[in-house]
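What follows is the residue order along each chain.
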Amino acid sequence: QVQLVESGGGLVQAGGSLRLSCAASGSIFSINSMGWHRQAPGKQRELVAGIGRRGSTHVADSVKGRFTISIDNAKNTVYLQMNSLKPEDTAVYYCCLVGSYLEEYWGQGTQVTVSS
């Protein structure tokens, strides 16, 4: 069993920054990739950013240049640095881990609210 614990969400004014963390623990045989998704009220969940074990990254166009994803392999922890936040970034952010057999594990989600 794999557990993902997210932290770092909260309320911030537009233009501000937040850093999300997601620590993975449990029966982790091998990590293929980790990433962050978000879901705003009334909208579908969308991929925000992903990172492979060796550091290759993908960032959604909507956050490119503002959000940065990184990984600490020794700690099985992924981070999402969010700068220049906008009200439209308001959502529940979910951490996802994809294992070597492409199995998926999800965190419980952390709320990010950006006020205008």
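Residues numbered from 1 in each chain as written. Predicted model: local features only at pLDDT ≥ 70, side-chain atom pairs only at ≥ 80, totals over all residues. Heavy atoms only, no water.

Let us look at the overall build of the protein. Counting its regular elements, the protein contains zero helices and eleven strands. Going from N to C terminus, the protein has its helices and strands arranged as β-β-β-β-β-β-β-β-β-β-β. For a compact globule of 116 residues, the expected C-alpha radius of gyration is about 13 Å, and the protein comes in at 13 Å, within 12% of that figure. Principal-axis analysis of the C-alpha atoms gives the protein an extent of 45 × 25 × 25 Å. By the burial criterion, 43% of the 116 residues in the protein qualify as buried. (Helix = DSSP H or I, 4+ residues; strand = E, 2+ residues; numbered from the N terminus. Rg over C-alpha atoms; globule rule 2.2 N^0.38 Å. Buried < 20%, exposed > 50% of the residue type's maximum accessible area, 1.4 Å probe, protein only.)

Centre distance and the angle of the planes are the two values used to describe a pair of aromatic rings. Evaluated as defined, the whole model comprises zero aromatic pairs. For Arg 45, the ring lying beneath its charged end belongs to Tyr 94, and the centroid distance is 3.8 Å. Across from the ring centre of Trp 106, 4.8 Å away, lies the NZ or CZ of Arg 45, which sits over that ring. (Phe/Tyr/Trp six-rings, centres within 6.5 Å; stacked < 30°, edge-to-face > 60°. Lys NZ or Arg CZ within 6 Å of the ring centre and 35° of its normal.)

A few words on the state of the cysteines. Defined simply, a disulfide is a covalent bond joining two cysteines at their sulfur atoms. Within this structure, the stated rule accounts for one disulfide. Shown here is the disulfide that connects Cys 22 with Cys 95, its sulfur atoms set 2.1 Å apart. Linking Cys 22 and Cys 95, the disulfide has an S-S dihedral of approximately -80° and is accordingly described as left-handed. Of this pair, Cys 22 sits in strand β3 (residues 18-26) while Cys 95 sits in strand β9 (residues 91-99), and the two are 73 residues apart along the sequence. Cys 95 matches Cys 22 in its accessibility class, with the two residues each being buried. Summary of cysteine pairing: Cys 96 is not part of a disulfide, and the nearest cysteine sulfur, belonging to Cys 95, is at 7.1 Å. For Cys 96, a relative accessible area of 4% corresponds to the buried category. (Disulfide = S-S within 2.5 Å.)

Turning next to the sheet that holds strand β7 (residues 67-72). Ordered by their spatial adjacency, four strands build an open sheet running β1-β3-β8-β7, and the pairing between neighbours is antiparallel. Among the strands making up the open sheet, the edge pair consists of β1 (2-7) and β7. Neighbour-to-neighbour, the strand axes of this sheet turn through a mean angle of 15°, independent of strand direction. (Pairing = 2+ DSSP bridges. Axes fitted to C-alpha atoms, helices over the stretch in contact; angles between N-to-C directions.)

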